[in-house]
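Descriptive structure summary
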Amino acid sequence: MKELRCKDVGFDCPGIVKGETEAEVLQLAAQHAQDVHYVTITPEMAEQIKPLIHDA
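What counts and how
Residues numbered from 1 in each chain as written. Predicted model: local features only at pLDDT ≥ 70, side-chain atom pairs only at ≥ 80, totals over all residues. Heavy atoms only, no water. Salt bridge = Lys/Arg side-chain N within 4 Å of Asp/Glu carboxyl O. Helix = DSSP H or I, 4+ residues; strand = E, 2+ residues; numbered from the N terminus. Buried < 20%, exposed > 50% of the residue type's maximum accessible area, 1.4 Å probe, protein only.

One pass over the structure, following the stated rule, counts 4 salt bridges. Note that Lys-2 is salt-bridged to Asp-55, the shortest N-O span being 2.9 Å. Here the residue Lys-2 occupies a position in strand β1 (residues 2-5), and Asp-55 occupies one in strand β3 (residues 54-55), the gap between them amounting to 53 residues. For Asp-55, a relative accessible area of 54% puts it in the exposed group. Between Glu-47 and Lys-50 there is a salt bridge whose closest N-O contact spans 3.0 Å. Connected through shared salt-bridge partners, Glu-3, Arg-5 and Lys-18 make up one network.

Below, the structure written as structure tokens:
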């Protein structure tokens, strides 16, 4: 299981996105960013976010 904490990306948000793979976490994080923060994750942003994903 992999996870990404929203606060690690720079948002003042307690959200934690979890998934089986890095790709799944990125997909769910992009949806969360759009729905909650009204931010669209670009491919460039995704590359910067990848190192912040860690094992849960």
